[in-house]
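Reading the structure
Chain by chain, the residues:
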Amino acid sequence: MSDRDHHLLPPDTGRVYSACPHDCPDACSIISYVQRNRLTRIQGNPDHPVTQGFICRKFSGAPERVYASDRLHYPLLRTGKKGEGVFRRISWQSAIATIAERWRALISHYGPYCILPFYGSGTEGLINGKIAGKRFFNRLGTLQLDRTICTKSGREGYRYTMGTSSGADPAAIARNKLIIAWGCNTASTNIHHQTFLKQARQNGAALAVINPVKVRGSEAADYLLSPRPGTDGALALGMMHVIIAEGLYDQEFIDRYTLGFDALKQTVNQYSLDKVAAITDIPATAIRDFALVYARLRPSFIYVGPGCQRHSNGGMTLRTLACLPALVGAWQHKGSGLYFPTSTIFPVDTSALEGEELRPNAPEKYNMIELADRLAQKDPPVQSLYVFNGNPATVLYNQNKLRAALRREDLFTIVHDQYLTDTARYADLVLPATTQFEQSDLIFSYYHFSVLLNHQAIEPVPECRSNLDTFRLLADAMGFTDACFQEDSWDIINSILALDHPALSGITMDKLLANGWQRANIETADELLSQGRLPTPSGRIEFYSELMKAHGHYPLPWYVPPRESRERTPELYRQFPLHFLTSSTHSSLNSNYAQFNDLHGGRDSPTLIMHPQDAAARQIKSGDFVAVFNQRGRCRLVARVDDSVKPGVVASQGLWWDRQYPDGTNPNHTTPDFTGDIGGGSAFNSNLVEVMAVTDSQMTTTDIRYAC
Ligand code: SF4
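Residues numbered from 1 in each chain as written. Predicted model: local features only at pLDDT ≥ 70, side-chain atom pairs only at ≥ 80, totals over all residues. Heavy atoms only, no water.

1. Points about the overall build of the protein chain
Of regular secondary structure, the protein chain possesses 25 helices and 27 strands. On C-alpha atoms alone, the protein chain measures out to a radius of gyration of 25 Å, which is about the 27 Å that the 2.2 N^0.38 rule sets for 708 residues. With the principal axes as the frame, the protein chain shows a C-alpha extent of 70 × 65 × 50 Å. Long-range pairs, those at least 24 residues apart, make up 77% of the contacts in the protein chain between residues at least 6 apart in sequence. In the form shown here, the protein chain has an accessible surface area of approximately 25900 Å², with 48% of it arising from carbon and sulfur atoms. (Helix = DSSP H or I, 4+ residues; strand = E, 2+ residues; numbered from the N terminus. Rg over C-alpha atoms; globule rule 2.2 N^0.38 Å. Contact = heavy atoms within 4.5 Å. Areas by Shrake-Rupley, 256 points an atom, 1.4 Å probe, with all protein chains shown as cover.)

2. Quick look at the pattern of salt bridges
Tallied over the full model, the rule gives 31 salt bridges. Between R228 and D281 there is a salt bridge whose closest N-O contact spans 3.8 Å. Of this pair, R228 sits in the loop between β10 (223-225) and α8 (232-245) while D281 sits in the loop between α11 (273-280) and α12 (284-296); the two residues are 53 residues apart in sequence, bridging distant segments of the chain. By relative accessible area, which is 5% here, R228 ends up buried. (Salt bridge = Lys/Arg side-chain N within 4 Å of Asp/Glu carboxyl O. Buried < 20%, exposed > 50% of the residue type's maximum accessible area, 1.4 Å probe, protein only.)

3. As for the confidence of the model for the protein chain
Model confidence for the protein chain is summarised by a mean pLDDT of 94, while 95% of its residues fall at 70 or above. Counted against residues more than four places away or in other chains, residues 700-708, with its pLDDT under 50, gives 14 contacts. (pLDDT = per-residue confidence, 0-100.)

4. Focus on the sheet that holds strand β16 (residues 412-417)
Strand order in the open sheet formed by six strands is β5-β4-β17-β16-β15-β6, and the pairing between neighbours is mixed. The open sheet terminates on both sides in strands that have one partner only, identified here as β5 (87-89) and β6 (115-119). Looking at each pair of strands side by side, their axes are set apart by 20 degrees on average, direction ignored. Looking at chain direction, strand β4 (residues 76-78) and β5 are connected through three bridges and run antiparallel. When the bridges of β5 are listed, R78 appears paired with F87. (Pairing = 2+ DSSP bridges. Axes fitted to C-alpha atoms, helices over the stretch in contact; angles between N-to-C directions.)

5. A few points about the site of the ligand
Every residue close to the ligand is listed here: C20, C24, D26, A27, C28, I55, C56, F59, H192 and L589. Of the residues contributing to the shell around the ligand, the split by class is eight nonpolar, one polar and one charged. (Near = heavy atom within 4 Å. Nonpolar A, V, L, I, M, F, W, Y, C, P; charged D, E, K, R; others polar.)

6. Quick word on the side chain of T258
Looking at the element boundaries, T258 is found in strand β11 (residues 258-259). By relative accessible area, which is 6% here, T258 ends up buried. Of note is the side chain of T258, whose polar atom sits 2.7 Å from the backbone oxygen of I254. (Polar contact = N/O pair within 3.5 Å; in protein donor to acceptor, adjacent residues only side chain to side chain.)

7. Quick look at the nonpolar core
Counting residues in each nonpolar core, the largest one holds 168 residues, and the members touching the most others are W103, F136, W182, I243, L327, W331 and L375. The biggest single contributor to this core is α8, with nine residues. W103 has contacts with I115, F136, F137, L140, S384, Y386, F412, I414, L474 and M478, leaving out every residue within four places of it along the chain. (Core = buried A, V, L, I, M, F, W, Y, C linked by side-chain atoms within 4.5 Å.)

8. Some remarks on the sheet that holds strand β12 (residues 300-304)
If you walk across this open sheet you meet the five strands as β10-β9-β8-β12-β13, and the pairing is parallel. The open sheet has two edge strands, β10 and β13 (337-339), and neither has a second partner. For this sheet the average axis-to-axis angle between neighbouring strands, irrespective of direction, equals 15 degrees. Relative to β10, strand β9 (residues 206-210) runs parallel, the two sharing three bridges. Looking at β10, one finds that I210 is bridged to L225.

9. Focus on α8
Here α8 is 14 residues long and its end C-alpha atoms lie 20 Å apart, about the 20 Å a rise of 1.5 Å per residue gives. A large share of α8 lies buried, amounting to 13 of its 14 residues. Where α8 terminates, the next one or two residues include G247, which has phi positive at roughly 65 degrees. (Expected span 1.5 Å × (residues − 1).)

10. Here's the deal with the packing of aromatic side chains
By the definition in use, this model includes 26 aromatic pairs. An aromatic cluster is present here, built from W103, Y119, F136, F137, Y386, F388, F471, F480 and F485 joined pairwise through their rings. Over the aromatic face of Y67 sits the side chain of R38, whose NZ or CZ is 3.8 Å from the ring centroid. The ring centre of Y74 lies 3.9 Å from the NZ or CZ of R89, which sits over that ring. (Phe/Tyr/Trp six-rings, centres within 6.5 Å; stacked < 30°, edge-to-face > 60°. Lys NZ or Arg CZ within 6 Å of the ring centre and 35° of its normal.)

11. Let's talk about the side chain of D673
With respect to the secondary-structure elements, D673 resides in the loop between β26 (649-653) and β27 (688-693). At 3.3 Å, the side chain of D673 and the side chain of N398 are in polar contact. Side-chain polar atoms of D673 contact the side chain of K401, separated by 2.8 Å. Among all residues touching D673, those that are not within four sequence positions of it are I369, Y397, N398 and K401.

Encoded structure:
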């Protein structure tokens with residue numbers, strides 16, 4: 001640590017600017033109040049243009065959680081069976097020495113690829129969520145993680161059309177005549193967006209919701225379309241068919257800014273209304289009426305949530321949806337067009353700080369969705385797993401396969417977390433992690449255009465350590481003397497701010513310390529287009545993409561049914577005729593906070609929403625225990641029968657921890673671990689299941705096998 005300015009230290013008593021670390025588009029700027037090194041309260045920063053002084057209930061209880069009794073406070077060594085969660089306390093010194101000794105032996109025998117890092121989005125901090133881990137694992141020479149599960153398919157598909165991840169500025173939508181919420185639930189997952197949606201509505205904008213589930217706010221929609229899961233791309237093709245057939249497209253915009261309109265015309269000709277109605281289960285008249293609304297209410301804004309791209313056809317779905325605004329010329333207007341939340345909206349490449357030059361071998365990645373397969377592979381065998389910022393035993397798919405791999409006695413697993421998560425219960429060693437208030441970091445947003453400072457508010461509660469500090473300890477124990485492992489958070493923040501990228505221009509440490517945030521110079525798609533700098537090969541919006549063809553994809557928007565569907569797998573569909581969607585819930589965030597739900601009067605619980613028609617056919621009523629099952633596995637939930645899902649669709653919102661499910665299995669015991677069509681993203685919504693009512697005594701694996 002260099003000479004540290006006093007004002008960079010935690011304040012003991014006073015206030016500092018923090019930032020919410022969560023995988024949430026809002027990325028709130030926060031003010032943290034401290035008294036005698038104790039965090040007393042937090043509030044949303046009133047001066048941040050999106051946070052506007054308020055934060056969600058998920059994060060508002062953060063101060064009490066810093067001091068919660070169930071938080072991990074010291075390292076643990078497993079003494080029970082894997083998965084049992086039985087441990088004894090050990091010292092940090094012993095934990096680090098044990099890891100280093102074991103890893104040295106494993107590397108000398110198997111080479112560095114026998115150790116796998118795994119991390120999710122436990123913190124979105126550039127240092128503790130990204131740089132610290134990458135540096136260490138690059139130096140160690142392990143495979144690096146390809147983080148695919150969230151939006152990789154969608155953003156790569158979108159880029160074939162637009163050349164960039166950027167879309168419209170979602171906070172500048174007030175002047176649109178039509179807002180479309182397509183496959184998203186922003187009232188639960190992006191609450192600050194409601195402010196901007198409200199402004200547009202007060203100005204007279206119509207609201208359309210496209211979703212197979214009636215999400216919060218859909219009751220207020222002017223237009224409601226409910227496509228069969230995985231058919232959103234077909235719906236967009238049907239809409240384009242109508243708009244082109246009726247001559248309602250913007251010819252001037254198309255001539256000036258797009259490529260391949262004639263080819264698009266021929267393609268959409270193949271998507272008649274009757275054909276699209278049969279694919280989507282939406283009446284042809286409703287598709288036509290809505291296409292006309294979209295063509296006539298200009299300008300318009302489409303917010304596409306990640307849900308409709310978490311299918312085996314998700315990349316092509318986003319590539320197709322991205323063509324709609326070009327057809328009606330929406331990109332000519334600021335705040336119009338389309339927005340798809342994805343982390344690459346923040347375009348700054350931090351790889352220069354990630355230690356790739358330290359590798360003893362060539363860099364190579366593995367797809368995080370394939371974790372279970374990697375752990376099961378024989379050549380080369382994976383002998384150790386290091387998990388931080390993540391909880392794969394809850395959030396990954398095909399859990400029976402993953403849990404079997406995590407139970408391997410010869411797999412040396414280390415988990416660094418704040419709580420004894422479902423994954424930590426399978427660990428050999430558990431390390432206690434700091435919260436956001438006990439570390440400094442820099443946060444970006446994939447919704448608004450800010451860089452936010454998270455200034456350490458308090459000293460770590462005893463024995464908890466940040467990812468950065470833990471990797472520094474491990475580096476030291478492994479004998480790595482590289483200078484980067486001596487750097488503290490403030491050194492790295494300074495290095496990030498010094499990166500040569502226009503998005504960071506003008507952002508300084510002094511300004512961040514003074515305000516907590518600074519506007520990043522992020523360019524929207526409409527700006528890039530109007531300045532002739534859209535980064536597609538042609539510089540235009542590409543209805544036809546030669547690049548897609550070169551990459552082995554069909555070069556035009558197209559619809560391929562989901563990998564599990566009545567069209568592609570009729571025999572499977574006969575056995576498992578219900579589409580199972582596992583979307584977000586209002587009270588938790590990925591698997592964060594689920595563990596608190598039962599501490600707050602059970603305001604949510606793991607339920608299965610089922611349409612009355614499907615429930616009646618199976619003699620299921622609300623409150624019944626039901627088994628949800630398929631060829632991969634099963635879980636048990638409590639039925640809630642209502643029409644908030646369409647017939648043929650069942651949905652469970654949120655991911656709880658094992659202990660909160662009636663039989664300790666979550667919906668990811670049924671979800672598939674095959675990947676999407678483009679970019680290797682997740683496809684867990686392409687999931688067919690059957691449901692049956694069960695009593696406690698019936699709930700055995702044998703019964704489910706029999707039912708299958
Ligand atoms: S979870 Fe989202 S809305 Fe809630 S405080 Fe964090 S960034 Fe803000």
